[in-house]
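Letter by letter, the chains look like this.
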Amino acid sequence: MTVEDFILGLDGQQKAIVSFLHQRLTSQHDLIPKIRFKIPMYFRRTWVCYLNPIKNDGIELAFLNGSNLSNDQGLLKSKGRKMVSGIDLNDVSVIPITPIDEIVQEALILDELAKSKS
């Protein structure tokens, strides 16, 4: 399955959110997408983030190294997880693009410092 196939299988806001974020993560941030654990995951040297469907027709943009990010934007929630932190998104029209881009850039700095795991 490709990420495009995954997107085609979604409906409503989930489809719109994943389509938008997939395009942004791959074109603006040069992340490489692959389906892992039945969801889209994005990497360069290491796995950086993933898009996970959640209840209420939303998507969580989750960062695998989220606990090491500054969260200056105040958007990341750990939900009791030790390493992963994410942002729940329910409406493509109100995605906080600039803060998300800042978080992705910080995650990419950590990725550059990490040893390759892919």
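This text gives an overview of the structure that appears in the document. Everything numeric here is computed off the predicted structure, so don't read it as measured data. (Residues numbered from 1 in each chain as written. Predicted model: local features only at pLDDT ≥ 70, side-chain atom pairs only at ≥ 80, totals over all residues. Heavy atoms only, no water.)

1. Things to note about the environment of Ile 32
To keep things clear, this is the line we draw: What counts as a helix is a DSSP run of H or I of at least four residues, what counts as a strand is a run of E of at least two, and both are numbered from the N terminus. Working definition: with a 1.4 Å probe on protein chains only, accessible area under 20% of the residue-type maximum means buried, over 50% means exposed, and in between means partly exposed. Residues are treated as being in contact if the distance between any of their heavy atoms lies within 4.5 Å.
Position of Ile 32 among the secondary structure elements: in strand 1 (residues 32-36). Judged by its relative accessible area of 41%, Ile 32 is partly exposed. Remark: the alpha-carbon pair of Ile 32 and Leu 51, spanning 19 residues in sequence, is separated by 13 Å. For Ile 32, the contacting residues outside a window of four places in its chain are Met 41, Tyr 42 and Phe 43.

2. Here's the deal with the pattern of salt bridges
Worth spelling out the cut-off: Salt bridges are counted wherever a side-chain nitrogen of Lys or Arg sits within 4 Å of a carboxyl oxygen of Asp or Glu.
Enumeration according to the criterion identifies four salt bridges in this entry. Here Arg 24 makes a salt bridge to Asp 101, at a shortest N to O gap of 2.6 Å. One end of the pair, Arg 24, is in helix 2 (residues 12-27); the other, Asp 101, is in helix 3 (residues 97-113), and 77 residues separate them in sequence. For Arg 24, a relative accessible area of 22% translates into the label partly exposed. Classification of Asp 101 by relative accessible area gives buried; the value is 17%. Across the salt bridge formed by Asp 88 and Lys 79, the nearest N and O atoms sit 2.8 Å from each other. Assessed through its relative accessible area of 40%, Asp 88 is described here as partly exposed.

3. Some thoughts on the sheet that holds strand 4 (residues 58-63)
To keep things clear, this is the line we draw: Between any two strands, at least two bridges found by DSSP are needed for them to pair. Geometry is summarised by axes, namely lines fitted to C-alpha atoms with helices restricted to the contacting stretch, and by angles between N-to-C directions that run from 0 to 180 degrees.
The antiparallel open sheet is built from five strands, whose spatial order is 1-2-3-4-5. Here the strands that pair on one side only, and so sit at the sheet edges, are strand 1 and strand 5 (85-89). Within the sheet, the average angular offset between the axes of one strand and its neighbour, ignoring direction, is 25 degrees. Looking at chain direction, strand 1 and strand 2 (residues 39-43) are connected through five bridges and run antiparallel. Across the sheet, residue Ile 32 finds its bridge partner in strand 2, namely Phe 43.

So far we have only geometry, and geometry alone does not tell us how the molecule works.
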